[in-house]
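Chains, contacts and geometry: an overview
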Amino acid sequence: MRAEVRSTERRAPITPTDAGTLIASGAQVTVERSSQRVFDIEAYATKGCRIADTGSWVDAPADASIVGIKELPDEPAALRHTHIYFAHAYKGQDGAQELLTRFARGGGELLDVEYLTLNQRRVVAFGYWAGYVGASLALLQARGALSPPLAPMGRAELDRSVRESSAGPGSALVIGARGRSGRGAVDALVGAGWDVTKWGMVDTTDLDKQALLRHELLVNCVVTHRPQEPFVTSDDIGAPGRRLRVIGDVTCDVTSANNVLPINTSVTTWDAPARRFGMPTPLDVIAIDNLPSLLPLEASVSFSADFTRLLVDLAGRTGPFAAAQETFRHATSALPLE
């Protein structure tokens, strides 16, 4: 398990407890030191993990699988290992082609967590907490109580901030409400006392734009692999009767051709979480691409529990790892090796 490059990333794909379970089953688990991970390195050592220096994964044995959460560093230029993390490389996102070329050049393999699927359904994700945090931040922004820079916290602290902001009542729309992140968003909004409209795929097939714009707050939890009618565009800023003031873009496909919120085309950050469009009636967009890391303990515990159960299928590339491998092979089949 490698240390994360991004300074705001505190999650771990495998907790110390689950690492101990893997070791008891016969696996060898090596954990890099990290100054920002939510779990201390000593907790992993106590469970029997081998401890390695930060960045030493590049010299790991060729048959090692390298596990992480977010993006890899820019070097090495050729990737020779199997990497398992959220790469965001299959929808034409910025930097995707360069990343896949690094794998093709080094003979390595990317098993993107987003594409660990069975019967085309994802089997492991941080989605619930992404939705919960995304909706909570949108609530705070809607009441003028979102104060950057953001910092990691626990669920109790986040909920207290929402309560103290007098965030309810109001009207909110969650699109993709039946998925993991959608359920998290709905729970956060209902807990804050807001009226919540829940839309699924059927509701966006023939999009009722006026109904959408009548809500004060929108949380987007839709994952789409093909272009579709966008939910909010720049033209909607001046729409008569627009009540929409805040968008929480949990999906955050901002640089993809599948972006359903093309009003915004870049991520926001912990230092500047909301981007404002339109005057005199503003529309604020929150598009942070590592939302669950604001609740690193809760997010890591739930993800690791599901993820470690899957690893029995890794060696044989069976189960959900077969789907991820096929996606990677299809994406890199035409890439040059040099």
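Rules of the game
Residues numbered from 1 in each chain as written. Predicted model: local features only at pLDDT ≥ 70, side-chain atom pairs only at ≥ 80, totals over all residues. Heavy atoms only, no water. Pairing = 2+ DSSP bridges. Helix = DSSP H or I, 4+ residues; strand = E, 2+ residues; numbered from the N terminus. Phe/Tyr/Trp six-rings, centres within 6.5 Å; stacked < 30°, edge-to-face > 60°. Buried < 20%, exposed > 50% of the residue type's maximum accessible area, 1.4 Å probe, protein only. Salt bridge = Lys/Arg side-chain N within 4 Å of Asp/Glu carboxyl O.

**Some remarks on the sheet that holds strand E5 (residues 109–110)**
Taken in spatial order, the 3 strands make up an open sheet running E3-E4-E5, and their pairing is parallel. If you trace the sheet from one side to the other, it starts and ends with strand E3 (65–67) and E5, each paired once. In this sheet, strand E4 (residues 82–84) lies alongside E3 in parallel orientation, the contact comprising 3 bridges. Looking across to E4, one finds that Ser-65 is bridged to Thr-82.

**A few points about the packing of aromatic side chains**
To describe a pair of aromatic rings, you give the distance between the ring centres and the angle between the ring planes. Throughout the structure, instances matching the rule amount to 10 aromatic pairs. Here the aromatic rings of Phe-126 and Phe-303 are separated by 4.1 Å at their centres, their planes lie at 5°, and the arrangement is stacked. Note that Phe-126 is positioned in the loop between strand E7 (121–122) and helix H4 (127–142) and Phe-303 in helix H9 (residues 296–310), a separation of 177 residues in sequence. A relative accessible area of 6% places Phe-126 in the buried class. On the basis of relative accessibility, which here comes to 1%, the residue Phe-303 falls in the buried class. Taken together, the aromatic side chains of Phe-86, Phe-126, Phe-303 and Phe-307 make up a single cluster linked through ring pairs.

**Quick word on the pattern of salt bridges**
The full count for this structure, using the stated rule, is 13 salt bridges. The salt bridge partner of Asp-159 is Arg-155, with a shortest N-O separation of 3.6 Å. Of this pair, Asp-159 and Arg-155 are both found in helix H5 (residues 155–164), 4 residues apart, which corresponds to roughly one turn of the helix. Look at Asp-159 and you get partly exposed, because its relative accessible area is 22%. You can call Arg-155 partly exposed: its relative accessible area is 32%. With its nearest N and O atoms 2.7 Å apart, the salt bridge here joins Arg-276 to Asp-284. Through salt bridges with shared partners, a single network forms among Arg-6, Glu-71 and Asp-289.

**What about unusual backbone geometry?**
Here the bond from Glu-75 into Pro-76 is cis, since omega is 5°, no more than 30 degrees from zero. With respect to the element layout, Pro-76 can be found in the loop between E3 and E4. Residue Pro-149 is reached from Pro-148 by a cis peptide bond, and omega for that bond is 0°. Among the structural elements, Pro-149 can be located in the loop between H4 and H5. We note that His-88 has phi near 50°; this positive angle belongs to a residue other than glycine. With respect to the element layout, His-88 can be found in the loop between E4 and helix H3 (96–106). The backbone of Asn-119 shows a phi angle near 55°, a positive value even though the residue is not glycine. Within the secondary structure, Asn-119 is located in the loop between strand E6 (117–118) and E7.

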